[in-house]
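Per-entry structural report
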Amino acid sequence: QVRLVEAGGGVVQAGGSLRLSCTASGHTFISYAMVWFRRAPGADPEYVAGISRTGRDTYYTDSVKGRFTLSKDIIKNMVYLEMNGLKSEDTAVYYCAASDLGTYSDYQPATYLYWGSGTQVTVSS
């Protein structure tokens with residue numbers, strides 16, 4: 001069983017920055033690719049970014065490219081989503097998820113086996 005816990009959400013003005021973290025426990029961290037999804041009120045979950053098992057490769061949805069950076073610390077069992085240039089449309093609950101298949105660029109939530117409970121990000125304009 002894998003447990004994922006997100007942290008770092010909050011309220012920030014447009015143009016500001018936040019760094020989200022996701023701490024994993026209960027498994028060999030390097031065995032899992034990790035992703036971030038977000039869900040705005042009334043919307044479907046949206047893929048944000050993913051990182052490979054080793055942390056060497058990343059993938060971003062177009063709307064966050066150049067603004068968000070995903071990294072992985074295998075020693076600490078953590079992934080970090082650095083978010084810069086935040087916009088009001090980035091407001092959502094952000095979830096990290098893990099795949100034991102090595103997949104990290106699939107936009108379908110059902111691909112990912114383990115999920116955290118989410119952290120709220122609110123960007124005020």
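For the structure itself, consult the block above.
Here's what I pulled together on the structure shown here. (Residues numbered from 1 in each chain as written. Predicted model: local features only at pLDDT ≥ 70, side-chain atom pairs only at ≥ 80, totals over all residues. Heavy atoms only, no water.)

All right, on to the sheet that holds strand β8 (residues 78–83) then. An order of β1-β3-β8-β7 is seen for the four strands of this open sheet, with the pairing classed as antiparallel. The open sheet has two free edges, formed respectively by β1 (3–7) and β7 (68–73), since each of these has just one partner strand. Pairs of neighbouring strands in the sheet enclose a mean axial angle of 15°, with direction left out of account. Relative to β8, strand β3 (residues 18–25) runs antiparallel, the two being bridged by six bridges. In the sheet register, Leu 20 faces β8, and the bridge partner there is Leu 81. (Pairing = 2+ DSSP bridges. Helix = DSSP H or I, 4+ residues; strand = E, 2+ residues; numbered from the N terminus. Axes fitted to C-alpha atoms, helices over the stretch in contact; angles between N-to-C directions.)

Residues Leu 4, Trp 36, Leu 81, Met 83 and Tyr 94 are the most contacted members of the largest nonpolar core, which totals 28 residues. Breaking this core down by element, the ones donating at least two residues are β3, β4 (33–39), β5 (46–51), β7, β8, β9 (92–99) and β11 (119–124). In this structure, Leu 4 is in contact with Cys 22, Thr 23, Ala 24, Met 34, Cys 96, Ala 97, Ala 98, Tyr 114, Trp 115, Gly 116 and Ser 117, ignoring residues within four places of it in sequence. Ala 33, Val 35, Tyr 47 and Ala 97 belong to the second-largest nonpolar core, a separate cluster that totals seven residues. (Core = buried A, V, L, I, M, F, W, Y, C linked by side-chain atoms within 4.5 Å. Buried < 20%, exposed > 50% of the residue type's maximum accessible area, 1.4 Å probe, protein only. Contact = heavy atoms within 4.5 Å.)

Turning our attention to the environment of Arg 39. Tracing the chain through its elements places Arg 39 in strand β4. Separated by 34 residues in the primary sequence, Arg 39 and Val 5 have C-alpha atoms spaced 16 Å apart. Each residue touching Arg 39, except ones within four places of it in the same chain, is listed here: Asp 44, Pro 45, Ala 92, Val 93 and Tyr 95. Separated by 2.9 Å, the side chain of Arg 39 and the backbone oxygen of Ala 43 make a polar contact. (Polar contact = N/O pair within 3.5 Å; in protein donor to acceptor, adjacent residues only side chain to side chain.)

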